[in-house]
Amino acid sequence: MGCLSIKTVSGGEEWYGIGHRRLAVRPGQLLILNNDQEYSCRIDTAGQVRVQSVFFRKEFASAVFHDAVCKEEALLDNPFDKPARPLEFFQALDHIDPILEKDLKGLMNELDENGYDGDMVDERLFFLLQHLIRVHKTETDRTIRVDAIKRSTKTEIFKRLCIARDLLHSSFMNKPDLSLISNTACLSTPQLIRQFKTVFRITPHQYLVQVRLSHAARLLQHTSTPVHEITWRCGFEDSSAFCRAFRVAYGVSPLHYRAAG
């Protein structure tokens, strides 16, 4: 249990337990944990895993969020008002965009080269929190897409869709079927398919294929793992099916993609 934090890894994977959920954070992914969230974490892989955890003091995060939502006139009139409570995130996996990746690397490099300096760290954390605000807005926009009338119903369905999406990310190599995904997310299969397509603009199966291909592309770029091994590690039935799907998605064969990278 702790304060608002973000979790990333630059190699390997780290597993988190949140309630009854288990999800894997892998390179290119971001997990946001709220204040006072109880969680567990462990590393299962044998290779080297570099984990990056960034924690935000409650008062500092609240002040940044307060600055983001208040008008400049209000901030001028009451510059020292006590900030409202921090934003609440859905605690789901998200992609790391280039801006966040640059900001994270900048913070880590600064600490490695110059050691800890409170003012420098706060300035760096300010821009990281601004990114989290953009994540929150994206989540809110997606919540609005849910096909329901009540706001509370929209929010609850979106939370369950995030559970389904995280399961696809964490267990793509184990070929999760719709029944398992539905049961885990506590949604009927028809409701899962319908709402998932409405919110994420893609069906659960199509999303699963995207996740598998994205992981395969990362392995092709950053490892020398043979194509036939990438095939089964990414959950494809055979190399021919994998190569066809990869060519459709990326426009080139896996080998050509590796050579170009």
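Residues take numbers from 1 onward in each chain, read along the sequence in its written order. Per-residue local features are limited, in this predicted model, to residues with pLDDT of at least 70; the limit for side-chain atom pairs, both in listing and counting, is 80 or more; totals at the level of whole chains, interfaces and linings are taken over all residues. With hydrogens and water set aside, each side-chain value is computed from the structure's full complement of heavy atoms.

A. Quick look at the overall build of the protein. Think of it this way: any DSSP run of H or I at least four residues long counts as a helix, any run of E at least two long counts as a strand, and we number them from the N terminus. Helices and strands together make up the secondary structure of the protein, namely 11 helices and seven strands. Restricting the calculation to C-alpha atoms gives the radius of gyration, and the globule rule supplies 2.2 Å times the number of residues raised to the power 0.38. By the compact-globule yardstick of 18 Å for 261 residues, the protein fits well, its C-alpha radius of gyration being 20 Å. Dimensions of the protein, computed from the C-alpha atoms along their principal axes, are close to 65 × 50 × 35 Å. Long-range pairs, those at least 24 residues apart, make up 65% of the contacts in the protein with a sequence separation of at least 6. Roughly 14700 Å² of accessible area belongs to the protein as shown, and the carbon and sulfur atoms make up 53% of that amount. For the purpose of counting charges, residues Lys and Arg are taken to be positive, whereas Asp and Glu are taken to be negative. His and the chain ends are not included. In plain terms, the charge of a residue is placed at NZ if it is Lys, CZ if Arg, CG if Asp and CD if Glu. Charged side chains of the protein number 34 positive and 32 negative; the gap between the two group centres comes to 9 Å. Residues count as neighbours in contact if any of their non-hydrogen atoms are within 4.5 Å of one another. The Shrake-Rupley method, run with a 1.4 Å probe, gives the accessible areas here. Residue values count only the displayed protein chains as cover.

B. Expanded view of the pattern of salt bridges. Criterion for a salt bridge: a side-chain nitrogen of Lys or Arg within 4 Å of a carboxyl oxygen of Asp or Glu. Enumeration according to the criterion identifies 11 salt bridges in this entry. With its nearest N and O atoms 3.1 Å apart, the salt bridge here joins Lys58 to Asp36. Separated by 22 residues along the polypeptide, Lys58 in helix 1 (residues 58–69) and Asp36 in the loop between strand 4 (29–33) and strand 5 (40–42) bring together distant segments of the chain. Of the charged contacts in the structure, one is a salt bridge between Asp122 and Arg57, with a shortest N-O distance of 3.4 Å.

C. Spotlight on the sheet that holds strand 4. Following DSSP output, two strands are said to pair if at least two bridges run between them. Overall, antiparallel pairing links the four strands, which are arranged 6-1-4-7 in an open sheet. Edge positions in the open sheet fall to strand 6 (51–55) and strand 7 (93–95), since each of these has one partner strand only. Along the sheet, successive strands turn relative to each other by an average axial angle of 25 degrees, direction set aside. In this sheet, strand 7 lies alongside strand 4 in antiparallel orientation, the contact comprising three bridges. Looking at strand 7, one finds that Leu30 is bridged to Asp94. Angular values range over 0 to 180 degrees, each being the angle between N-to-C directions of two axes fitted as lines to C-alpha atoms, with helices fitted over their stretch in contact. Docked against the sheet, helix 3 (residues 98–114) engages strand 1 (5–9), strand 4 and strand 6, running at close to 90 degrees with respect to strand 6.

D. Expanded view of the packing of helix 5 (residues 151–170) against helix 6 (residues 178–185). With their axes 8 Å apart at the nearest point, helix 5 and helix 6 run at an angle of 135 degrees to one another. The pairing of helix 5 with helix 6 is recorded here as oblique in orientation. As helix 5 packs across helix 6, the resulting crossing turns out to be right-handed. Within the contact between the two elements, helix 5 uses Arg160, Ile163, Ala164, Leu167 and Leu168 and helix 6 uses Leu180, Ile181, Thr184 and Ala185. The scheme is simple: roughly parallel for angles under 35 degrees, roughly antiparallel for over 145, roughly perpendicular for 65 to 115, oblique for anything else. Take the far helix as the reference: if the near one is turned anticlockwise from it by less than a right angle, the crossing is left-handed, and if turned clockwise, right-handed.

E. Inspection of a negative patch on the surface at higher detail. Patch members must show over 30% relative accessible area and no salt bridge, and they are joined within 9 Å when carrying like charges or within 5 Å when they are nonpolar side chains of Val, Leu, Ile, Met, Phe, Trp or Tyr. Side chains of Asp67, Glu72, Glu73 and Asp77 sit close together on the surface and give a patch of like negative charge. Among the elements that make up the negative patch, the one with the highest residue count is helix 2 (residues 72–77) (three residues).

F. Examining the sheet that holds strand 2 (residues 14–18) more closely. As summarised here, the arrangement of the three strands in space is 3-2-5, forming an open sheet in which the pairing is antiparallel. Both edges of this open sheet fall to strand 3 (21–25) and strand 5, since each of them pairs with a single strand only. If you compare each strand with its neighbour and ignore which way they point, the axes differ by 25 degrees on average. Across five bridges, strand 2 lies against strand 3 in antiparallel orientation. Considered in strand 3, the bridge of Tyr16 is made with Leu23. Of the strands in this sheet, strand 2 and strand 3 touch helix 5, which is tilted by about 50 degrees from strand 3.

G. Inspection of the side chain of Arg165 at higher detail. Mapped onto the fold, Arg165 is located in helix 5. Note on exposure labels: buried denotes an accessible area under 20% of the residue type's maximum, exposed denotes more than 50%, and partly exposed covers the range between, all computed with a 1.4 Å probe on protein chains only. Summary of buried charges: Arg165 has no salt-bridge partner, and the nearest side chain of opposite charge, Asp166, is 4.4 Å away. Setting aside residues up to four positions removed in sequence, Arg165 forms contacts with Ala92, Leu93, Arg142, Phe196, Phe200 and Tyr207.

H. Structural detail: the pairing of strand 2. Counting buried positions over the five residues of strand 2 gives five, a clear majority of the element. Burial along strand 2 is two-sided: Glu14, Tyr16 and Ile18 and Trp15 and Gly17, pointing in opposite directions, are all buried. Hairpin connection of strand 2 to strand 3: two residues between the antiparallel strands, including Gly19 at a positive phi of 65 degrees. The pairing of strand 2 with strand 5 spans three bridges and is classified as antiparallel. Counted as the bridge partner of Trp15 is Arg42 from strand 5.

I. Representation of the packing of aromatic side chains within the structure. Note on aromatic pairs: the rings of Phe, Tyr and Trp (six-membered ring only in Trp) are paired at centre separations within 6.5 Å, and the planes decide the class, stacked below 30 degrees, edge-to-face beyond 60, tilted for the rest. Under the defined criterion, the tally for this structure stands at 13 aromatic pairs. Ring pairs connect the aromatic residues Phe90, Phe158, Phe196, Phe200 and Tyr207, which therefore count as one cluster.

J. Structural context of the environment of His95. Relative to the assigned elements, His95 resides in strand 7. Taking the C-alpha atoms as reference points, His95 and Val135, 40 residues apart in sequence, are found 9.8 Å from one another. Residues in contact with His95, not counting those within four places in the same chain, are Gly28, His169 and Tyr207.

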